[in-house]
Structures are given as C-alpha cells and as structure tokens.
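# Structural overview for review
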Amino acid sequence: MTEGGRPIKKRRGILGALALIAIAVGLYWGLVIAPPDAYQGQVQRIMYLHLPSILTAYLSYFLVFIGSGMYLWKREKRDDILAHSAAELGVLFTALTIIEGSIWGRPTWGVWWTWDARLTLTAILLLIYIGYLMLRSLIEDEDRAAAAAAVLGIIGFLDIPLIHMSVYWWRTLHQPPSILQPNKAPWENVHPSMLIALTINFVGFLLLYFYLLSLRYRFGEMRGEIKARRLARGG
Amino acid sequence: MGAWGFVGLAYGIVWGIILLYLISLKRRYNSAQVELDALSSVEATDCDVKK
C-alpha cells in the first residue's frame, strides 16, 4: 500500500509513539530503578544504551544482507531501497555504539580507544558500510551502483560473526557474554532489575529503529518515484 | 569527571545524535513529498490541457 493510503502513516505514528514510551520507561528504569553494578558502579548504566545499539546495528546489517541478496537475485527496486535504508541506519547505530563504548572505556579501562580486536572489527564494520553509502553516490548508473553496493553489503555482513567470536578467539579487553551463557539462565548472572532495564531499552531501540526504517524506506521510494516521473516528462 | 558525568555524556550524545538524524530525515522526507506533490499537480494540469 502506498503512503497516500493513510493506514501506513497512521501505523508509523503508532510505532513512533510506542518507541517514545518504551524509551522513556527504559531511561527511567536504567537510570533510576536498576541498581549500580557491583564492580563498575554507576558507569555500567551505559550498557543500557551500548548493548541495544549494537544489536540494532546487527539487525540493520542483516536486513542489508537480505535486501542485497534479494536485489542481486530478483533485481527488484524495493529490495535495493530496503538495503540502502538499512545500511544508513546501520551506520548510525554502529557510530553510536563506538561513541558509547569509548565513553564507557575511559573510566573502566582508562582509555578512550584501544586497538582491541572487538573495537577494531567494529570500526572496520563502520568503515565498510560508510564505503557502501559512498559507493552508491560515486557510481552514476543507479543499477550498477545498486549491484556493486549489494555485493559490498553481503561481504560486509561477514564481519559480524568475527566481531561476535573475537572475545573467544583473541585476547581482548571485552569480557565474554555475561547474559547469554550456555547452561545458565540470564537472571543467574545479572540482577533481574538490570535485565528488565536492558530488555525495555532494547525494545525501545527496536521500535525506534523500525520507525526510522519505515520513514527512510518511504523516502527512498519517493526519490525513485520523482526520478522516474521526471524521466517520463523528459526532464 | 565522575561516573555520572560519563553516563550523562553518553546518554546526551546518543539521544542528541538520534534527534539530529530524525530531524534531517524528516526534512529530506518532507522536501521529497513537496516535490512529488508539485509533480503530481503539473501532471494533472498537463492532462487537463490535453483534454
């Protein structure tokens, strides 16, 4: 259904309102209700931003992967618009993750940045998808740009398993996962209130992400429509 | 800077950047919508002239 049909706009509005509510509750729970960490103290509250933003970035790159694969297979414009929109949002959430990590790293590790395996691979991920966005603007032929970007979008996704496994394969400053551990329920490792804060913030980020994605996707559709109509008019 | 200073810095920067992105996306979206509406009205005028 097109944007002209009110239901999509209305649904997007509801999504935005739900995101706002979840974010407000998440902020209150994360900053007021959840207890400080036994070792890191108050600064651990950055985790309620850090984890949801990297997981949202991973989801975004997964959508780039799917959209790119589908575009290379079927050559449908909508798949390319999805991949392009998701890549832009992926870059946003990866950049936020690196900024949060850097601010968290200063009081806990004593440095703003270090060439730790996970940090370096995350920075590489950001550079790959900045490259993806640049590639699209550098190639004039839209179909060629979409195809080249799709290949990069698929290859770039391979960095994510490396980021995930980096804490097991190399010696890094990052600790192995403390919430999702084999043979242990999440609440056995983390205070339930912290787990609730994390869940609410993650839901808030997800709702916000889908709100932004829907807006960015429609913008991509409109841009394509404008170009096609101008071409049809000979402009 | 104390622990709460780092927390405030992180939350402030993150929500500030997200807000800026949302504003820029809304602007791009609205200008595309205006352009699309203008094209539609020009096309409608062309159609009327042909009739």
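## Thoughts on the nonpolar core
A:Ile46, A:Val64, A:Ala83, A:Ala86, A:Ala87, A:Leu208 and B:Ala10 are the most contacted members of the largest nonpolar core, which totals 49 residues. When contributions to this core are tallied by element, the ones reaching two or more residues are helix H1 (6-33), helix H2 (47-74), helix H3 (77-109), helix H4 (117-138), helix H5 (142-157) and helix H8 (192-233) of chain A together with helix H1 (3-50) of chain B. It is H3(A) that provides the largest number of residues to this core, a total of 12 residues. Those residues in contact with A:Ala86, other than ones at most four positions away along the chain, are A:Ser60, A:Leu63, A:Val64, A:Gly67 and A:Leu213.

## A closer look at the interface of chain A and chain B
Taken together, the contact between chain A and chain B spans 24 residues of the former and 20 residues of the latter. Elements with a minimum of two residues in the side of chain A that touches chain B: H3 and H8 of chain A. If one sorts the elements of the side of chain A that touches chain B by residue count, H8(A) sits on top with 10 residues. Here the residues of the side of chain A that touches chain B are counted per class, giving 14 nonpolar, 2 polar and 8 charged.

## Brief notes about the environment of B:Leu25
Mapping B:Leu25 onto the fold places it in helix H1. Of the residues examined, B:Leu25 has 18 C-beta atoms within 10 Å and is grouped as partly exposed. The sequence separation of B:Leu25 and B:Asp37 amounts to 12 residues, and the corresponding C-alpha distance is 18 Å. Beyond its immediate sequence surroundings of up to four residues, B:Leu25 is in contact with A:Leu212, A:Leu215, A:Arg216 and A:Phe219.

## Things to note about the environment of A:Tyr168
All names here are of chain A. Mapped onto the elements, Tyr-168 comes out in helix H6 (residues 159-169). Exposure remark for Tyr-168: the 9 C-beta atoms within 10 Å place this residue in the exposed category. Distance in space between the C-alpha atoms of Tyr-168 and Leu-215 is 38 Å, their sequence separation being 47 residues.

Rules and cut-offs
- Residues numbered from 1 in each chain as written.
- Chains lettered and ligands numbered in written order.
- Predicted model: local features only at pLDDT ≥ 70, side-chain atom pairs only at ≥ 80, totals over all residues.
- Core = buried A, V, L, I, M, F, W, Y, C linked by C-beta atoms within 7 Å.
- Buried ≥ 20, exposed ≤ 12 C-beta atoms within 10 Å, placed from the backbone.
- Helix = DSSP H or I, 4+ residues; strand = E, 2+ residues; numbered from the N terminus.
- Contact = placed C-beta atoms within 7 Å.
- Nonpolar A, V, L, I, M, F, W, Y, C, P; charged D, E, K, R; others polar.

Geometry only, nothing functional implied.
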